[in-house]
Amino acid sequence: MRAIRLTSPGRPVELHDVPVPDVGPRDVLVRVKAAGICHSDAHYRAGRSPAYPLPLTLGHEVAGVVERVGGAVTLVRPGDRVALHYLIACADCWHCARGQEQFCRTGSMIGHFRDGGWAEYVAVPERNAVRLPDTVPFEHGAVLMCSSSTALHALRKGRLAGGETVAVFGVGGLGMSAVQLARALGALDVLAVDLDADKLRLAGEYGAIPVNPRDGDPVAAIRERTGGRGVDVALELIGLPLTMRQAVQALAVQGRAVVAGLADEPLALDTYRDLLGKEAELIGANDHLLQEMPLLLELARRGALDLRRVVARTVPLDAAAVNGALDELDRFGAPVRTVIVP
Ligand SMILES: [Zn+2]
Ligand SMILES: [Zn+2]
């Protein structure tokens with residue numbers, strides 16, 4: 001089969017001819033219908049974040065149709081439409097047993113530490129193949145498995161309850177899902193903070209109240225919009241100490257700030273005023289869980305999570321096209337999500 005593989009960091013990915021993967025007794029072979037090109041893939045290609053063993057087929061945002069199943073598989077059958085949860089976990093270790101599979105001792109991510117979905121076929125354990133509703137396109141199913149699911153996990157870490165208010169710092173791919181998911185989970189008001197007027201306009205169409213820091217201090221603007229109270233949950237999806245601090249400062253009494261953006265600088269806080277004085281919480285969010293996928297896919301089926309304006313371009317399984325999309329991501333120039341349709 002054809003597969004797009006990373007052979008050496010810092011070099012373009014290449015189209016190779018490789019064997020169709022073997023299927024163990026509890027595995028399924030999936031014919032790939034859509035595979036997203038993510039910012040993480042640009043980091044793997046550049047070597048900023050290592051992917052191995054090389055050569056490796058990239059692609060961790062995958063949806064397709066079950067082609068073949070192992071002898072012990074009971075959850076899915078050939079012909080089923082599925083989206084793939086990218087983290088392969090053992091289900092039995094200390095962390096897996098406690099519902100913390102992101103920390104599985106033998107956990108391994110497809111397209112990062114084992115062959116992924118930039119190929120005609122990919123094999124995964126059956127529990128990783130989540131049924132994709134008929135009305136959700138494969139392209140959306142693929143993207144749901146990365147940025148949207150991380151946004152849902154971050155909101156769940158923030159323990160968002162119905163009737164609460166939310167601020168989302170950064171409305172890129174993750175934030176645009178977070179705005180819609182917060183509303184679907186019952187948020188009364190969602191405030192979107194971003195410097196980009198076009199992104200704020202789209203977030204506004206998804207029901208968010210736009211806050212542009214170019215117009216003044218975003219913390220003051222959030223307080224003003226919430227009757228001086230602040231928000232119950234703030235998500236930081238940018239990865240800057242400044243916006244992390246703003247997310248904490250924008251909290252109401254007993255509010256929760258969830259950080260999902262990666263920063264390479266330490267965060268300084270006035271711990272009395274910003275944290276203990278109002279019993280605020282600062283929470284890290286890392287990846288997402290298999291158990292969150294059914295709710296996410298159901299919200300997509302109902303249209304509560306709409307990706308039509310997020311996934312706007314498809315490319316074939318072609319090395320030049322994929323390298324072009326990765327180059328764009330490296331330049332921060334990608335306007336929308338690109339999805340490979342083999
Ligand atoms: Zn991704
Ligand atoms: Zn485990």
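Residues numbered from 1 in each chain as written. Chains lettered and ligands numbered in written order. Predicted model: local features only at pLDDT ≥ 70, side-chain atom pairs only at ≥ 80, totals over all residues. Heavy atoms only, no water.

Student: With reference to specific residues and values, describe the coordination of the zinc ion (ligand 1).
Tutor: Coordination of the zinc ion (ligand 1) by the protein involves C38 (SG), H60 (NE2), E61 (OE) and C146 (SG), with metal-donor separations of 2.1 to 2.3 Å. Coordination at the zinc ion (ligand 1) comes from 4 donor atoms whose angles at the metal span 95 to 125 degrees, giving a geometry best classed as tetrahedral. The sequence pattern describing where the donors of the zinc ion (ligand 1) fall on their chain is C-x21-H-E-x84-C. Here C38, found in the loop between β3 (27–37) and α1 (39–46), pairs with H60, found in the loop between β4 (56–57) and β5 (62–69); they are 22 residues apart in sequence, far enough to count as distant. By the burial criterion, C38 is buried, and H60 matches it. (Donors = N, O, S within 2.8 Å, 3.2 Å for Na, K, Ca; no water. Tetrahedral: all angles 85-135°; square planar, octahedral: opposite > 155°, others 65-115°. Helix = DSSP H or I, 4+ residues; strand = E, 2+ residues; numbered from the N terminus. Buried < 20%, exposed > 50% of the residue type's maximum accessible area, 1.4 Å probe, protein only.)

Student: Lay out the nonpolar core with the relevant residues and their values.
Tutor: Counting 51 residues, the largest nonpolar core has L144, V166, V168, V171, V179, L181 and L235 as the members making the most contacts within it. When contributions to this core are tallied by element, the ones reaching two or more residues are β5, α3 (138–157), β11 (165–169), α4 (173–184), β12 (189–193), α5 (197–205), β14 (231–236) and α9 (293–301). Of the residues forming this core, the biggest block, 9 residues, is contributed by α3. Every residue in contact with L144, bar those within four places of it in the chain, is listed here: V136, S149, L296, L297, A300, L305 and L307. (Core = buried A, V, L, I, M, F, W, Y, C linked by side-chain atoms within 4.5 Å. Contact = heavy atoms within 4.5 Å.)

Student: Any chance you could break down the pattern of salt bridges for me, citing the residues and the numbers?
Tutor: For the coordinates displayed, the defined rule picks out 22 salt bridges. Put simply, D327 and R45 hold a salt bridge, and the shortest N to O gap is 2.7 Å. Taken as a pair, D327 in helix α10 (residues 319–330) and R45 in helix α1 lie far apart in primary sequence, 282 residues in all. Between R313 and E328 there is a salt bridge, with the nearest N and O atoms lying 3.1 Å from each other. In this pair, R313 is assigned in strand β17 (residues 311–315) and E328 in helix α10, connecting sequence segments 15 residues apart. One continuous salt-bridge network, built from bridges that share partners, spans R45, R48, D327 and D330. (Salt bridge = Lys/Arg side-chain N within 4 Å of Asp/Glu carboxyl O.)

Student: Provide a residue-level description of the coordination of the zinc ion (ligand 2), including the pertinent values.
Tutor: The coordination sphere of the zinc ion (ligand 2), as far as protein atoms go, consists of C90 (SG), C93 (SG), C96 (SG) and C104 (SG), spread over 2.3 to 2.4 Å. Its 4 donor atoms give the zinc ion (ligand 2) angles of 103 to 115 degrees at the centre, a pattern that matches the tetrahedral case. Spacing between the donor residues of the zinc ion (ligand 2) along the chain follows C-x2-C-x2-C-x7-C. Within this pair, whereas C93 is found in the loop between β7 (87–88) and α2 (94–97), its partner C104 is found in the loop between α2 and β8 (108–109), the two being separated by 11 residues in sequence. We classify C104 as buried; its relative accessible area is 9%.

Student: Kindly report on unusual backbone geometry, identifying the contributing residues and their values.
Tutor: Omega for the bond connecting Y52 with P53 falls within 30 degrees of zero, at 0 degrees, which places this linkage in the cis form. Its location among the elements puts P53 in the loop between α1 and β4. Of note, the amide linkage connecting L54 to P55 takes the cis form, showing an omega dihedral of -5 degrees. The phi dihedral of R159 is positive, around 50 degrees, even though this residue is not glycine. Relative to the assigned elements, R159 resides in the loop between α3 and β11.

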